[in-house]
Amino acid sequence: LIDAWRKGDSKVLRELYETTTVEGVPAVVVFALGTLGGDENRAYLAEQIVNPDAAEDTVWSIADSLLLFDPDTVTREAVTRMREMPGLHVHAAYMIGRLRVATPGSDEEAFLIECLGSPDVMTRGVALKALAQLGHGAYRELCELIAKDAWKQVAKLKILTVPAKPADRMQLRVFALESLRLIGTEASLDALREARNWRPEGGASDREATNLMQLSYAVSEDIYWRITGGLEGDFFEAAERQKQS
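As the structure is a prediction and not an experimental result, all values here were calculated from the model.

Conventions we followed
- Residues numbered from 1 in each chain as written.
- Predicted model: local features only at pLDDT ≥ 70, side-chain atom pairs only at ≥ 80, totals over all residues.
- Heavy atoms only, no water.
- 1 Å grid on protein atoms, 1.4 Å probe; cavity = no way out; pocket = protein on both sides within 12 Å on 5 of 7 lines; lining within 4 Å.
- Points joined across faces, edges and corners; volume = space filled by probe spheres on them.
- Helix = DSSP H or I, 4+ residues; strand = E, 2+ residues; numbered from the N terminus.
- Salt bridge = Lys/Arg side-chain N within 4 Å of Asp/Glu carboxyl O.
- Buried < 20%, exposed > 50% of the residue type's maximum accessible area, 1.4 Å probe, protein only.

Chemist: Please explain the layout of surface pockets as it appears in this structure.
Modeler: Which parts of space are left empty comes out when a probe the size of a water molecule is rolled across the atoms. In this structure, the second largest pocket encloses a volume near 150 Å³. Taken together, Ala93, Tyr94, Arg98, Met122, Val126, Lys129, Ala130, Gln133, Phe175 and Glu178 make up the full set of residues lining the second largest pocket. Listing elements by their share of the lining of the second largest pocket, those giving two or more residues are α7 (89–99), α9 (121–133) and α12 (166–183). Take the lining of the second largest pocket: its biggest share by element is 5 residues, from α9.

See the structure below:
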């Protein structure tokens, strides 16, 4: 594998992908093909990602590898076909968000909105983040409500299917926070402060809740710097700091 990659021998790599019996190797091979580039490798990867026999780790590796090619071509050759396969909806949503070429009113945007009602919670979360990656601020309020654990209000919006399981709700809250990192406003900062007043039944020892809290602080800081540029800090002279110390 390494020798073929160093030589830029895509043919040998593709043969290895199709013949190896070693678990995990196909996922590495497709990454190598992605780094070599070329129309043939792009077309080959686009074909393999819709192969129903591909292992899950291989499919995710192909999804990431296809991001190295022209976004419009990848959307046309791969994502369009993936949207027709329910088992690849989460991967398609992920790629649409990362490729960032979907335009308002496009089939890709409509697909992401439809995915918010998917029976799979992971697909819902990835689609929500993808919409944020495309800059859709219209979903900011939804993300704020999810972050605040306000599921009754989320249900009233009739935009996203509300999960019943606590673990699934926790997962969606992570995606909502990651979305707010990209589209959050000053109002989002207030919503995140309110969300941090929430405490899980498991208490402070709840690892997932602790991680969620840490993510909330990190996202708040990123939103602040994005919308203000940290201007207060820029104009706070060192001499003033010395006087106050």
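Chemist: Explain the pattern of salt bridges here, please?
Modeler: Opposite charge on two side chains lets them pair, provided their charged atoms get close. Applying the stated criterion to the full structure yields 12 salt bridges. As a salt-bridge pair, arginine 98 and aspartate 64 come within 3.9 Å of each other at their nearest N and O atoms. One end of the pair, arginine 98, is in helix α7; the other, aspartate 64, is in helix α5 (residues 56–66), and 34 residues separate them in sequence. Classification of arginine 98 as partly exposed rests on a relative accessible area of 42%. Judged by its relative accessible area of 36%, aspartate 64 falls in the partly exposed class. Put simply, arginine 140 and glutamate 144 hold a salt bridge, and the shortest N to O gap is 2.6 Å. Of this pair, arginine 140 and glutamate 144 both sit in helix α10 (residues 140–147), 4 residues apart, which is roughly one turn of that helix. With a relative accessible area of 23%, arginine 140 lands in the partly exposed category. Residue classification places glutamate 144 among the buried positions, given a relative accessible area of 10%. Three or more residues are tied together by salt bridges with common partners; here these are Asp39, Arg42 and Glu77.

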